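In case you want the letters, here they are:
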Amino acid sequence: MQQTSISTKTNHALVALILGIFPGGGQYYNKQILKGLIFSVFLISFFSASKDLITHGLWGLITLGEKPRVDNSIFLLAEGIITVLLVLFALLIWYIAIVDGYKNGKRRDEGKEVNSVRKQYKNLLDSGFPYLMITPGFIILVFVVVFPIIFGFSIAFTNYNLYNAPPAKLVDWVGFKTFVNIFSLKLWRNTFLDVLQWTVVWTVIATTLQCTVGVLLAILVNQKDLKFKPIIRTIFILPWAVPGFVTILVFAGMFNDSFGVINNSILPFFGIEPKAWLTDPFWTKTALIMMQTWLGFPFVFAMTTGVLQAIPDDLYEAATMDGAGSYTKLKTITLPLVLYSIAPIIITQYTFNFNNFNIIYLFNNGGPAVPGSNAGGTDILVSWIYKLTMSSSQYAIASAITILLSIFVVGIALWQFRKSSSFKNDEMA
Amino acid sequence: MSLDKKRSIKQQRAIRLTLSYLVIGLVSLIIIYPLVWTVGASLNPGNSLLSSSIIPKNMSFEHYQDLFNGKVDYLNWYYNSMKISFSTMVLTLIFVSFTAYSFSRFRFVGRNNGLMLFLLLQMIPQFSALIAIFVLSQMLGLVNSHLALILIYVGGMIPMNTYLMKGFIDAIPRDLDESARMDGAGHFRIFIEIILPLSKPIIAVIALFSFTGPLGDFILSTTILRTPDQFTLPIGLYNLVAQKMGASYTTYAAGAVLIAVPVALLYLWLQKFFVSGLTAGGTKG
């Protein structure tokens, strides 16, 4: 490459690059008429046909409407975001056209032939294949995941709520005011900190418990001289096999203060006073953690069992030769190997519980209600956001909390991914 | 002396095994009790649970009959849930296998950015889109649309499962592709005839994830589905339980049994794929 750049007298690459400012210009210059035509037609027709749409979309995005009852701020916001996405897509195509022109110009500078139409077609089929395969999934992803997330996040920077909603009123951009409110208004700050605290406590205790129980039981059942292994394993996997929402609702019935079997039969059988499972926050929390352990340990159990069965026997035989007892073997061989292999799975369990909406909401609606707070006593961030959106229509605040939560989750996940080997194995990093 | 030692080892073993069986028995009891209790409740005559015992004295199938004779919309919910879950599963498998194969086997411009985007989307929980889905579905008249819900589920399934499957395909030797290419097979034929058959374990895992994910979802389905005829099983059954004083709890129990049994059997049947699929692909990312 260096050689050629020294010996070139022509400057096709640079000319093609500059001409590329006109869509397809670089291609015409390189005498790739058909390709140039495709770029020109696509880009020129896109920008000329949607000129008004683009200006309207951007106007809407910036102003969020000017006349109440005529302009619907939320529609304008959605249209604006779609406009920006479409424009970005068109700019990407334009960029590709310019780069393509530059590259082919460079080939000419180096004295190489530019590909003929037929060869281009063959190239397109070959190198276009992965794009063809990805496009359908990618389009769905953009429309049902990327766009809603951007839209949802931008709500946090508006004053959109039940009282300030279209069509009667216009919504305005307010910058970071909602975030400031969450931390400066006493009611919101206290509620937010309470919910956050319980979310973290809940995640740590419930997940640690379910993982510990799962690993220990797997090691227990894996003992060589233990009989009936297949049936024991089948029983232990049952809580995972039964759909979670079914069992949570079953437990909601069993823990019911008035007709539940736990207060009516089980606790009296052991001579224990009935507890207020659904009305006292402490006991609701206790019940939730016990239930999640019941629900969550089988998955860890199954994965650990898989790892244990893959540990070669000679490892243990060698340790026995060296005079290691069963406790030493457990500590130096079994546990490290198991924990190393299932570490990613354990991490996903933590993030799963952090966002475990179903158990909190289906068991007791996030309740019981707590005085002086607009979240229930067992609400975690997710269920609180759900309530703020669905029942009290506090869209801006719900969205701001969603952003805070996403930053938290993504931060932890990034930290974990950096540490895990998945980055090192692939050329991604 | 060696006899003594042997005996003490034997004794130790007996104690260890007895303790193990005791723990296993206790755990089994804790696992099985709620399940048996549900079956008992479903067979309990009358609506109240106050008088119920774990094995009802005079068993009755009236609650099962109620599910089918239209007293509650159960069949409808069941059908809706199956339709949504099955469609989500099929679409997810198609899209995910396409994207995973491309990301695993091709080096194309934008690949790294694409992988980064998928990684990021996999981390941001899907309910971040909750507000948008709620607001937009109301405004665009997508309320009650099963198609909208299916597409949302599929979109949410793509990033994480693409990573799972990409990891698995990465572990399939490229020599197989190469030799097929020598024989004149194109990219798509290699995908269909070599990659897919070898990816069965991870396909089973993704199929199960994408089937049971929508089946157990409450948060997204309640934001879109509003009228009882469009409800899925979680919403419908939750409403039965939420009635005052558990007035329909026994009917709920019958409905719960009829969904839990087939799904549990499916899990037990597929579980051997799970471990191999997840520990082979999952840990490698």
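Residues numbered from 1 in each chain as written. Chains lettered and ligands numbered in written order. Predicted model: local features only at pLDDT ≥ 70, side-chain atom pairs only at ≥ 80, totals over all residues. Heavy atoms only, no water.

1. Side note on the packing of aromatic side chains
Residues and elements named next belong to chain A. Let me state the cut-off plainly: Note on aromatic contacts: the rings of Phe and Tyr and the six-membered ring of Trp form a pair at centre separations within 6.5 Å, being stacked when their planes are under 30 degrees apart, edge-to-face when over 60 apart, and tilted otherwise. Runs of H or I in DSSP of at least four residues are treated as helices and runs of E of at least two as strands, each being numbered from the N terminus. Each residue is assigned to one of three classes by its accessible area relative to the maximum for its type, calculated with a 1.4 Å probe on protein chains only: buried under 20%, partly exposed between the two thresholds, exposed over 50%.
Under the defined criterion, the tally for this structure stands at 45 aromatic pairs over all chains. Here the aromatic rings of Phe157 and Phe176 are separated by 5.2 Å at their centres, their planes lie at 80°, and the arrangement is edge-to-face. Of this pair, Phe157 sits in the loop between helix 7 (117–155) and helix 8 (177–184) while Phe176 sits in the loop between helix 7 and helix 8, placing them 19 residues apart in sequence. Of the residues examined, Phe176 reaches a relative accessible area of 58% and is grouped as exposed. Here the aromatic rings of Phe357 and Tyr361 are separated by 5.0 Å at their centres, their planes lie at 15°, and the arrangement is stacked. Of the two residues, Phe357 and Tyr361 are both situated in helix 16 (residues 357–364); the distance of four residues between them amounts to about one turn of the helix.

2. Remarks on the confidence of the model for chain A
Residue and element names in this part refer to chain A. Cut-off, in case you're wondering: Confidence scores per residue from the predictor, reported as pLDDT, run from 0 to 100. Contacts are assigned to residue pairs with any non-hydrogen atoms lying within 4.5 Å of each other.
Residues with a pLDDT of 70 or more make up 95% of chain A, whose mean pLDDT is 85. Of all the helices and strands in chain A, helix 19 (residues 422–425) carries the lowest mean pLDDT, 46, while helix 9 (residues 186–221) carries the highest, 93. Scored below 50 in pLDDT, residues 1–7 shows three contacts in the model against residues more than four places distant or in partner chains. A low-confidence stretch, residues 421–429 (pLDDT under 50), is modelled with 21 contacts involving residues beyond four sequence positions or located in other chains.

3. What to know about the nonpolar core
It is characteristic of soluble globular proteins that their nonpolar side chains tend to be buried jointly. Formally: Nonpolar cores are built from buried Ala, Val, Leu, Ile, Met, Phe, Trp, Tyr and Cys residues. Side-chain atoms within 4.5 Å join them into one set.
Among the nonpolar cores identified, the biggest contains 190 residues, and Phe151(A), Phe236(A) and Tyr252(B) are the most heavily contacted of them. Broken down by element, the residue count for this core peaks at 14 residues, all from helix 13 (residues 281–310) of chain A. Within the second largest apolar cluster, eight residues are counted, among which are Leu43(A), Ile54(A), Val87(A) and Ile93(A).

4. Focus: the packing of helix 4 (residues 33–49) of chain A against helix 6 (residues 73–109) of chain A
All names here are of chain A. Definition in use: Only the stretch in contact is used when fitting a helix axis, every axis being a line fitted to C-alpha atoms; angles between N-to-C directions are given from 0 to 180 degrees. In this scheme, roughly parallel covers angles under 35 degrees and roughly antiparallel covers those over 145, while 65 to 115 is roughly perpendicular and the rest are oblique. Crossings are sorted by hand: turned counterclockwise from the far helix by less than a right angle, the near helix makes the crossing left-handed, and turned clockwise it makes it right-handed. In this classification, Asp, Glu, Lys and Arg are treated as charged, Ala, Val, Leu, Ile, Met, Phe, Trp, Tyr, Cys and Pro as nonpolar, and every other residue, Gly included, as polar.
One can describe the packing of helix 4 onto helix 6 by two numbers: an axis separation of 11 Å at closest approach and a directional angle of 155°. As judged from the angle between their axes, helix 4 and helix 6 are roughly antiparallel. As helix 4 runs across helix 6, the sense of the crossing is left-handed. From helix 4, Lys35, Phe39, Phe42, Leu43, Phe46 and Phe47 reach across to helix 6, where they touch Leu86, Val87, Phe89, Ala90, Leu91, Ile93, Trp94, Ala97, Asp100 and Asn104. The residue inventory of the contact of helix 4 with helix 6, partitioned by class, reads 13 nonpolar, one polar and two charged.

5. Examining helix 11 (residues 233–242) of chain B
For helix 11 of chain B, the buried fraction is high: eight of the 10 residues fall into the buried class. Looking at helix 11 of chain B, one finds that the buried residues are Leu233(B), Pro234(B), Ile235(B), Gly236(B), Leu237(B), Tyr238(B), Leu240(B) and Val241(B).

6. With respect to the interface of chain B and chain A
Quoted interface sizes are often the accessible area lost when the parts come together. Counted only if it meets this: We define buried area as the total accessible area lost by two parts upon association, computed with a 1.4 Å probe and summed across both. Side-chain atoms alone can form a polar contact between residues adjacent in sequence; in general such a contact is a pair of N or O atoms within 3.5 Å, and within protein one must be able to donate a hydrogen while the other accepts it.
Contact with chain B, which involves 97 residues of that partner, is made by 95 residues of chain A. Both faces combined, the contact of chain B with chain A buries some 8300 Å², and carbon together with sulfur accounts for 80% of it. If you look at where chain B meets chain A, you find 15 residue pairs in polar contact (both at pLDDT 80 or more). Per element, the largest residue contribution to the side of chain B that touches chain A is 17 residues, and it comes from helix 1 (residues 2–43) of chain B. Residue composition of the side of chain B that touches chain A, by class: 70 nonpolar, 20 polar and seven charged.

7. A short note on the pattern of salt bridges
Short version of the rule: A carboxyl oxygen of Asp or Glu within 4 Å of a side-chain nitrogen of Lys or Arg is what we treat as a salt bridge.
Enumeration according to the criterion identifies nine salt bridges over all chains in this entry. A salt bridge links Lys35(A) to Asp100(A); the nearest nitrogen and oxygen atoms lie 3.0 Å apart. Of this pair, Lys35(A) sits in helix 4 while Asp100(A) sits in helix 6, placing them 65 residues apart in sequence. For Asp170(B), the salt bridge goes to Lys166(B), with nearest N and O atoms at 2.9 Å. Here Asp170(B) and its partner Lys166(B) are both found in helix 6 (residues 146–170), four residues apart, which amounts to about one turn of the helix. Here the salt bridges share partners, and the residues they tie into one network are Asp225(A), Arg13(B) and Arg16(B).

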